Amino acid sequence: MNVAEINSEEIKLKENPEEQIIVEQIVDEKAMELWQLYKEQRTTDNRNEIVLYYTGLVKKIVLRFKGSYNNFGQLDDMVNQGMIVLIDAVEKFNPDMGNKFETFATLKIRGAVIDFMRKQDWVPRSQRSLSKVLEETYGELYASLEREPSEAEIAAKMGISEANLQKILQQRHNSIVLSYEEAINEKMMEVSPLITEEKSDDSPESRMLFNELKEKLGEAIDQLKEKERLVVSLYYYENLKLKEIAEVLGVTESRVSQIHSQAMIKMRNRLKNY
């Protein structure tokens, strides 16, 4: 698969919603047939049919990171990593437990893609350290002040100017967001009620923790400033690129990077003790 094919897939994901519902009903029936056949015969050919059927899931997840993380590696490589994990997920998934394979596989594929990007990180250790100091400083001030610290207060505690703080937020955007994505994915894996190698039951407790995490995420977003909520919404739910968000808000792309980084630091801080 090449970048052109991924771009084509991105367009397909924006098709008519009503037509999409009809298609989903048809594909669900097809999926059930494939899983039943794989359960009965358990052959490599059966497995490969399921893998081929869910290839679009890998494309969709990679598209989620497209545009924000092209510095970390080629899209083709990210898709390849996702396909390897997809094969493993098909082999380990138990459809008899009543869970959705898409959710089960998404957690694993996202984790693999994030790990791949982390390994491709070209950012110097010194800049990565600054990002960590920034997050720690925010957390300390939030705890001591019992409110959200201002940029001036954060800069003062770090011993830098507000201009330098903005520069750090802009330069470290990808690292900060990737760190947030990684933390959320790890937490989802911890509390997910889905069956993995380590979990053998789908308990009410795991369901409760899973729903609680979703609730905490919603609360963290609600507590952001209006512009931060808008950026998060456009980036994560509308899948807009930073440049496109900048056009919507009427600001520079670097300013969007700063706002996004600030939002991620705040959300990570509010979820760290969960």
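Scoring rules and cut-offs
Residue positions are given per chain, counting from 1 as you read along its sequence in written order. Under the rules for a predicted model, residues below a pLDDT of 70 receive no local features and side-chain atom pairs below 80 are neither given nor counted, while totals for whole chains, interfaces and linings still include all residues. Excluded from the side-chain calculation are hydrogens and water; included are all heavy atoms of the structure. Note on conventions: DSSP H or I runs of at least 4 residues are helices, E runs of at least 2 residues are strands, and numbering of each starts at the N terminus. Residue burial is assigned from relative accessible area. The probe radius is 1.4 Å, only protein chains are included, and a residue is buried under 20% of its type maximum, exposed over 50%, and partly exposed in between. Here, two residues are considered to be in contact whenever any of their heavy atoms come within 4.5 Å of each other. Stacked, edge-to-face and tilted are the three classes for Phe, Tyr and Trp ring pairs, Trp counted by its six-membered ring, which pair at centre distances within 6.5 Å; planes under 30 degrees apart are stacked, over 60 edge-to-face, the rest tilted. Per-residue confidence from the predictor is given as pLDDT, running between 0 and 100. Here an axis means a line fitted to C-alpha atoms, over the contact stretch when the element is a helix, while the angle between two N-to-C directions is reported on a 0 to 180 degree scale. Note on terminology: angles under 35 degrees are roughly parallel, angles over 145 are roughly antiparallel, angles of 65 to 115 are roughly perpendicular, and the others are oblique. Crossings are sorted by hand: turned counterclockwise from the far helix by less than a right angle, the near helix makes the crossing left-handed, and turned clockwise it makes it right-handed. In the scheme used here, Gly and all other residues not listed as nonpolar or charged are polar, with Ala, Val, Leu, Ile, Met, Phe, Trp, Tyr, Cys and Pro taken as nonpolar and Asp, Glu, Lys and Arg as charged.

A closer look at the overall build of the protein chain
Moving on, step 1. Along its length, the protein chain carries 14 helices and zero strands.
Moving on, step 2. If you list the helices and strands of the protein chain from N to C, you get α-α-α-α-α-α-α-α-α-α-α-α-α-α.
Moving on, step 3. Within the span of the protein chain, comprising 274 residues, buried residues form 43% of the whole.
Moving on, step 4. In the protein chain, the share of contacts with a sequence separation of at least 24, taken over all contacts with a separation of at least 6, comes to 68%.

What about the packing of aromatic side chains?
Moving on, step 1. Scanning the model with the defined rule gives nine aromatic pairs in all.
Moving on, step 2. Here a set of aromatic residues connected by ring pairs shows up, and it is made of Trp 35, Tyr 38, Tyr 53, Tyr 54, Phe 93, Phe 101 and Phe 104.

Structural notes on the confidence of the model for the protein chain
Moving on, step 1. Overall, the predicted model of the protein chain reaches an average pLDDT of 76, with 72% of residues at or above 70.
Moving on, step 2. Low pLDDT, under 50, characterises residues 1-11; the predicted model gives this stretch 17 contacts beyond four residues in sequence or across chains.
Moving on, step 3. This stretch, residues 19-23, has a pLDDT under 50; its non-local contacts, to residues over four places away or in other chains, come to one contact.

What to know about the packing of helix H5 (residues 75-92) against helix H6 (residues 101-119)
Moving on, step 1. At a minimum axis separation of 9 Å, H5 and H6 run at an interaxial angle of 140°. Considering the angle they form, H5 stands oblique to H6. Both H5 and H6 take part in a crossing whose hand is right-handed. Residue-level contacts link Asp 77, Met 78, Gln 81, Gly 82, Val 85, Leu 86, Ala 89 and Val 90 of H5 to Phe 101, Phe 104, Ala 105, Lys 108, Ile 109, Ala 112, Val 113, Phe 116 and Met 117 of H6.
Moving on, step 2. Class assignment of the residues belonging to the contact of H5 with H6 gives a composition of 13 nonpolar, two polar and two charged.

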